[in-house]
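Here's the letter readout for the chains.
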Amino acid sequence: MSKQDDKFTLEATVIEALPNAMFKVRLPDEASTEILAYLSGKMRKFRIRILPGDIVTVEMSHYDLTKARITYRR
């Protein structure tokens with residue numbers, strides 16, 4: 001099993017911007033789950049701006065469902 005198979009991707013909406021490039025995002029499930037997400041390295045490198053209300057793609061691990069990594073902004 002490779003590392004890419006270990007993660008799954010979801011669309012989420014940014015609710016709140018926190019310090020140190022951390023964000024609260026809301027997942028599109030029935031319970032409207034809010035999780036903590038951080039920016040990926042490429043997004044930090046190229047200074048991609050994320051604002052509340054943006055729709056982003058997040059990667060989550062099966063092992064910790066409370067944290068995610070933001071990989072793309074639409």
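Quick summary incoming for the structure in this document. (Residues numbered from 1 in each chain as written. Predicted model: local features only at pLDDT ≥ 70, side-chain atom pairs only at ≥ 80, totals over all residues. Heavy atoms only, no water.)

## Overview of the nonpolar core
Spelled out, the test is: As used here, the term nonpolar core means buried Ala, Val, Leu, Ile, Met, Phe, Trp, Tyr and Cys residues forming a set that is joined through side-chain atoms within 4.5 Å. The classification of residues rests on relative accessible area computed with a 1.4 Å probe and restricted to protein chains. Under 20% of the type maximum is buried, over 50% is exposed, and intermediate values are partly exposed. In DSSP terms, a helix is any run of H or I states spanning at least four residues, a strand is any run of E spanning at least two, and both are numbered starting from the N terminus. We call two residues in contact whenever any of their non-hydrogen atoms come within 4.5 Å of each other.
Of all hydrophobic cores here, the largest spans 15 residues; its most connected members are Phe 23, Val 25, Ile 50, Val 56, Val 58 and Ile 70. When contributions to this core are tallied by element, the ones reaching two or more residues are β1 (7-18), β2 (22-26), β3 (34-39), β4 (55-61) and β5 (67-73). Sequence-distant contacts of Val 25, defined by excluding residues within four places in its chain, comprise Ala 12, Thr 13, Val 14, Ile 15, Thr 33, Glu 34, Ile 35, Ala 37 and Val 56.

## Description of the pattern of salt bridges
Between side chains of opposite charge, a pair can form when the charged atoms approach closely. Here is the rule: Any Lys or Arg side-chain nitrogen located within 4 Å of an Asp or Glu carboxyl oxygen qualifies as a salt bridge.
One pass over the full model with this rule turns up four salt bridges. One salt bridge connects Lys 67 with Asp 64, and the closest N-O pair in it is separated by 3.9 Å. Given the relative accessible area of 44%, Lys 67 is considered partly exposed.

## As for the sheet that holds β2
Pairing between the strands of a sheet is mediated by backbone hydrogen bonds and can be parallel or antiparallel. Applicable threshold: Being paired, for any two strands, means DSSP has found at least two bridges between them. Note on geometry: axes are lines fitted to C-alpha atoms, helical ones only across the stretch in contact, with angles between N-to-C directions running from 0 to 180 degrees.
Spatially, five strands are ordered β1-β2-β3-β5-β4 in a closed barrel, and the strand pairing comes out mixed. Geometrically, the sheet is characterised by an average inter-axis angle of 50 degrees between neighbouring strands, direction not taken into account. As paired elements, β3 and β5 share four bridges and run parallel to each other. What sits directly across from Ala 37, in β5, is Ala 68.

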